[in-house]
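Fold and contact review
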Amino acid sequence: MNLIRLSVVGLGVAFLGAGCGGRRSNSKVDFSQMGPSINSKRYANLEKIAARDLKCDVELTPQYLGENRYQMIGCNTEGIYELRCIMGQCAWIPDVRLRAEFDLGCAKSDLQTSKLDRVTEGVAGCGKRATYRLLGSGYGYSWVLNSVVAQDEAPAPAPADEVPVPTTL
């Protein structure tokens, strides 16, 4: 009987040592420098989401941007994520540029964002602009196109220098 109990305890310790079945380690992350709402479980979730979004299977480098926003960098790309918590329930807001990349037909690296309010962001790039609204459900958050994609007007051509017409007398 004691042998069975020791086997079960040993198995439990093995699972604890493996840590939630994740393949990534966040032992190099200094959480004291990562904002007030982050912890190892939330960071592990962010790392998993960012690895999928960025199609990157190597260790990602985090950078805290302030106001619960984090930039994840790896595989020659990056993504920006925001942690939103309501009454103790937290979720990661995906990078709006991932959605805008498709709608605007423009590489994510060429897109600039402007926060318009808590749930609305403007995205511009490749001569186009669009507005996105954040929608939340029981499954998380997603960005939805909330405007017509606008084509930026091309600047008017500079007037040609006037050449005086010779006159004959």
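In what follows, the structure referred to is the one given above.
Residues numbered from 1 in each chain as written. Predicted model: local features only at pLDDT ≥ 70, side-chain atom pairs only at ≥ 80, totals over all residues. Heavy atoms only, no water.

1. A few points about the pattern of salt bridges
Test applied: Here, a salt bridge means any side-chain nitrogen of Lys or Arg that lies within 4 Å of a carboxyl oxygen of Asp or Glu. Only runs of H or I of at least four residues qualify as helices and only runs of E of at least two qualify as strands under DSSP, and these elements are numbered from the N terminus. Each residue is placed in one exposure class: buried if its accessible area under a 1.4 Å probe, protein chains only, is under 20% of its type's maximum, exposed if it is over 50%, and partly exposed if it falls in between.
Counted by the stated rule, this structure contains 8 salt bridges. Of the charged contacts in the structure, one is a salt bridge between Glu82 and Arg69, with a shortest N-O distance of 3.8 Å. A residue pair is termed long-range when its members are at least 10 positions apart, and Glu82 in strand E3 (residues 77-86) and Arg69 in strand E2 (residues 69-74) qualify at 13 residues. Close ionic contact of Arg84 with Glu82 constitutes a salt bridge, the shortest N to O distance being 2.9 Å. Looking at Arg84, the relative accessible area reads 6%, which means it is buried. Salt bridges sharing common partners tie together Arg69, Glu82, Arg84, Lys115 and Glu121.

2. Points about the packing of aromatic side chains
Selection criterion: Only rings of Phe, Tyr and Trp enter the pairing, Trp through its six-membered ring, and a pair is recorded when the two centres are within 6.5 Å. The plane angle decides the type: under 30 degrees is stacked, over 60 is edge-to-face, the rest tilted.
Taken as a whole, this structure holds 3 aromatic pairs when the rule is applied. Their ring planes at 45° and their centres at 5.0 Å tell us that Tyr64 and Tyr70 sit as a pair that is tilted. Owing to a relative accessible area of 28%, Tyr64 belongs among the partly exposed residues under this scheme. Overall, the relative accessible area of 0% leaves Tyr70 in the buried class. Judged by centre distance (5.5 Å) and plane angle (75°), the rings of Tyr70 and Trp92 are edge-to-face. Of this pair, Tyr70 sits in strand E2 while Trp92 sits in strand E4 (residues 89-93), and the two are 22 residues apart along the sequence. Among the residues examined, Trp92 registers a relative accessible area of 8% and is labelled buried.

3. What to know about helix H2 (residues 40-54)
Heads up, the condition is: A helix is expected to span 1.5 Å multiplied by its residue count minus one. Whether two residues touch is decided by their heavy atoms; if any such pair falls within 4.5 Å, the residues are in contact.
Taking 1.5 Å of rise per residue, 15 residues should cover 21 Å, and H2 covers 20 Å from first to last C-alpha, within 8% of that figure. Taken as a whole, H2 has its buried residues at Tyr43, Leu46, Glu47, Ile49, Ala50, Ala51, Asp53 and Leu54. Tucked into the core, H2 has its buried residues touching strand E1 (61-66), E2, E3, E4 and helix H3 (96-104).

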